[in-house]
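Structural description and commentary
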Amino acid sequence: IQTNRTELTKSIVSMEVSYKGLVNLHSFLLALEKAPVPATSPLRQKLKAAKFNWEFPTLMASSWDAAVASQSVSHMEGWRVEKVAQAFAAQKTFLELQALTLTKIGILNQASPLVEEADSTGLPAKEAKVLRLQIDEFLILFQACLGSAKELEKSCGEAVKACQTP
């Protein structure tokens, strides 16, 4: 659990940086719906500085699966089992959201050339709006994934404490 928590903590930092970049991209596309955004615009500069670093953790559950399968958990106090079970349930939720997020990440690959093209020619408002709506959907999913990661980190911390408490 501690190893998972360490991996998760690193990923949360990366996800928060990427989230800021997504918000900048969203703001840029919203502005493009109204008019071309000049190259000197602070909005464009924020977008160029945006970093998208998708460091999702690889989380292990084999020790928990083995403990459940071998019924070793029956020798633990109930409150400890509950904390550990909550951590692995939160991990399952996070991994499901992570997988869904990764299936939608391609929208950013689609956005990049369009945003670059908008540098010189502008982007038609209709294209900007369609892309922004797709980014909106991705942002909602990404927020859920980030929130789930934070909940999982908290749950892992509680499980580690439960396992260390005499």
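Presented here is a report on the structure given in the accompanying data block.

Scoring rules and cut-offs
- Residues numbered from 1 in each chain as written.
- Predicted model: local features only at pLDDT ≥ 70, side-chain atom pairs only at ≥ 80, totals over all residues.
- Heavy atoms only, no water.
- Axes fitted to C-alpha atoms, helices over the stretch in contact; angles between N-to-C directions.
- Helix = DSSP H or I, 4+ residues; strand = E, 2+ residues; numbered from the N terminus.
- Parallel < 35°, antiparallel > 145°, perpendicular 65-115°, else oblique.
- Left-handed = near helix turned anticlockwise from the far one by under 90°.
- Nonpolar A, V, L, I, M, F, W, Y, C, P; charged D, E, K, R; others polar.
- Phe/Tyr/Trp six-rings, centres within 6.5 Å; stacked < 30°, edge-to-face > 60°.
- Salt bridge = Lys/Arg side-chain N within 4 Å of Asp/Glu carboxyl O.
- Buried < 20%, exposed > 50% of the residue type's maximum accessible area, 1.4 Å probe, protein only.
- Expected span 1.5 Å × (residues − 1).
- Contact = heavy atoms within 4.5 Å.
- Core = buried A, V, L, I, M, F, W, Y, C linked by side-chain atoms within 4.5 Å.

1. What about the packing of helix H1 (residues 2-34) against helix H6 (residues 125-164)?
At a minimum axis distance of 9 Å, the contact between H1 and H6 shows a crossing angle of 160 degrees. By the angle between their directions, the pair H1 and H6 is classed as roughly antiparallel. Classified by chirality, the crossing of H6 by H1 is left-handed. Of the residues contributing to the contact of H1 with H6, the split by class is 23 nonpolar, six polar and eight charged.

2. Considering the packing of aromatic side chains
Enumeration according to the criterion identifies one aromatic pair in this entry. With a centroid separation of 5.9 Å and an interplanar angle of 20 degrees, the aromatic rings of Phe138 and Phe142 are classed as stacked. Taken as a pair, Phe138 and Phe142 lie in helix H6 at a separation of four residues, close to a single helical turn.

3. Overview of the pattern of salt bridges
For the coordinates displayed, the defined rule picks out seven salt bridges. In this structure, the salt-bridge partner of Lys83 is Glu158, at a minimum N-O distance of 3.7 Å. Taken together, the residues Lys83 in helix H4 (residues 78-104) and Glu158 in helix H6 connect sequence positions 75 residues apart. Exposure remark for Lys83: the relative accessible area of 28% places this residue in the partly exposed category. The salt bridge involving Lys104 is made with Glu137; its shortest N-O contact spans 3.3 Å. Of the two residues, Lys104 is situated in helix H4 and Glu137 in helix H6; the sequence distance between them amounts to 33 residues. Taking relative accessible area as the criterion, Glu137 reaches 46% and is therefore assigned partly exposed.

4. Thoughts on the packing of H4 against H6
Orientation of H4 relative to H6, taken along the N-to-C sense of each, is 160 degrees, at an axis distance of 8 Å. Relative to H6, the element H4 is oriented roughly antiparallel. In this structure, H4 crosses over H6, and the sense of that crossing is left-handed. Tallied by class, the residues present in the contact of H4 with H6 amount to 18 nonpolar, seven polar and five charged.

5. A short note on H4
Over its 27 residues, H4 runs 39 Å from end to end, which matches the ideal 39 Å to within 8%, given 1.5 Å per residue. Every buried residue belonging to H4 is among Arg80, Val81, Val84, Ala87, Phe88, Ala90, Gln91, Phe94, Leu97, Gln98 and Thr101, and all of these are buried. In this fold, the buried residues of H4 make contact with H1, helix H3 (62-69) and H6.

6. A closer look at the nonpolar core
Generally speaking, soluble globular proteins have nonpolar side chains that are buried together. Grouped together as the largest cluster of nonpolar side chains are 28 residues, with contacts concentrated most on Met15, Phe94, Leu108, Ile135, Phe138 and Leu152. Every element with two or more residues in this core is listed here: H1, H4, helix H5 (106-121) and H6. In terms of residue count, the dominant contributor to this core is H6 (twelve residues).

7. Points about the environment of Thr9
Along the chain, Thr9 falls in helix H1. Of the residues examined, Thr9 reaches a relative accessible area of 34% and is grouped as partly exposed. On a C-alpha basis, the gap between Thr9 and Ala149 in space is 8.5 Å, while along the polypeptide they are 140 residues apart.

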